[in-house]
Amino acid sequence: AVTMQKLAIVLGCVVLFAGALFLDTYFEQQQVEQLQRSSIAKSEANTTEEHVPNTELTLLNGQTKKLYSLKGHYVLVNFWATWCAPCLEEMPELLSLAQHKEELHLVLVSVDEAHHAIMPFFEKLGLTEAVKAQNVHLVTDADQQLAQLFQSFKYPESYLLTPTMALQQKFVGKVTAKGILKSLK
């Protein structure tokens, strides 16, 4: 009887795991399809460029700015979190790239619920001054509205925008300066 209970528990766990895996795959596919349909609209000029919406960004200091205020520059919108190990690894390289490529603006979107954890993250990495650069914009997205707009749910994810605010490339996972530079050409 005990063996049958253990077998039932194991079988139940396997069924739950398989169901969760199926749902994860299903919802990821739905997110991709929704992104293609809604979040990034085709431009009115009947071109193949996909422009991102002119959304409002909430900066860490509480001020707001429109994404299109960066028009005329290449923009890398990077979704990250302080608890994300690959985010920790890529951040120094991203900020170094921004220091050397002033025409590239970094919009660093933290999805952390606790705003107070963001600056200590940069202090720990020795990047406090780097995030104060004119072309670096620290954005908070605790409610993940911006992440939902971009259909970004796995971190880090980055979106390279052209100076006309068209989506040039999406990077899933840790991005390198070399990969970004290659896309800028």
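Above this text sits the structure in question.
Numbering of residues begins from 1 in every chain and follows the order in which that chain's sequence is written. Given that this is a predicted model, residues contribute local features only at a pLDDT of at least 70 and side-chain atom pairs are listed and counted only at 80 or more, while totals for whole chains, interfaces and linings are drawn from all residues. With hydrogens and water set aside, each side-chain value is computed from the structure's full complement of heavy atoms.

Caption draft 1: Just the nonpolar core, in detail. Each nonpolar core is a collection of buried residues, namely Ala, Val, Leu, Ile, Met, Phe, Trp, Tyr and Cys, held together in the definition by side-chain atoms within 4.5 Å. Exposure is judged per residue with a 1.4 Å probe applied to protein chains only, and the accessible area is read against the type maximum: over 50% gives exposed, under 20% gives buried, and values in between give partly exposed. Core analysis: the largest hydrophobic core is formed by 46 residues, its most contacted members being Leu67, Val77, Phe79, Leu95 and Phe122. Elements represented by at least two residues in this core include exactly β5 (74–80), α2 (85–100), β6 (104–110), α3 (118–124), β7 (136–140), α4 (145–149), β8 (157–161) and α5 (177–184). With 6 residues, α2 is the single largest residue contributor to this core. Non-local contacts of Phe122, meaning those with residues more than four positions away in its chain, are made with Trp80, Met91, Leu95, Leu108, Leu127, Thr128, Val131 and Leu138. The helix count covers DSSP runs of H or I at least four residues long, the strand count covers runs of E at least two residues long, and both are numbered beginning at the N terminus. Residue contacts are defined here by distance: any two heavy atoms, one from each residue, within 4.5 Å place the two residues in contact.

Caption draft 2: A look at the sheet that holds β8. Two strands qualify as a pair provided that DSSP identifies no fewer than 2 bridges between them. One open sheet holds the 5 strands; their spatial order is β7-β6-β5-β8-β9, and the pairing between them is mixed. Whereas interior strands pair on both sides, the edge strands pair on one side only; in this sheet they are β7 and β9 (167–172). Along the sheet, successive strands turn relative to each other by an average axial angle of 15 degrees, direction set aside. In the sheet, β6 pairs with β7 via 5 bridges, with the strands oriented parallel. Paired with Val107 across the strands is His137, a residue of β7. Of the strands in this sheet, β5, β6, β8 and β9 touch α5, which is tilted by about 160 degrees from β9. The axes used here are C-alpha line fits, helices contributing only the stretch in contact, and every angle between their N-to-C directions lies in the interval 0 to 180 degrees.

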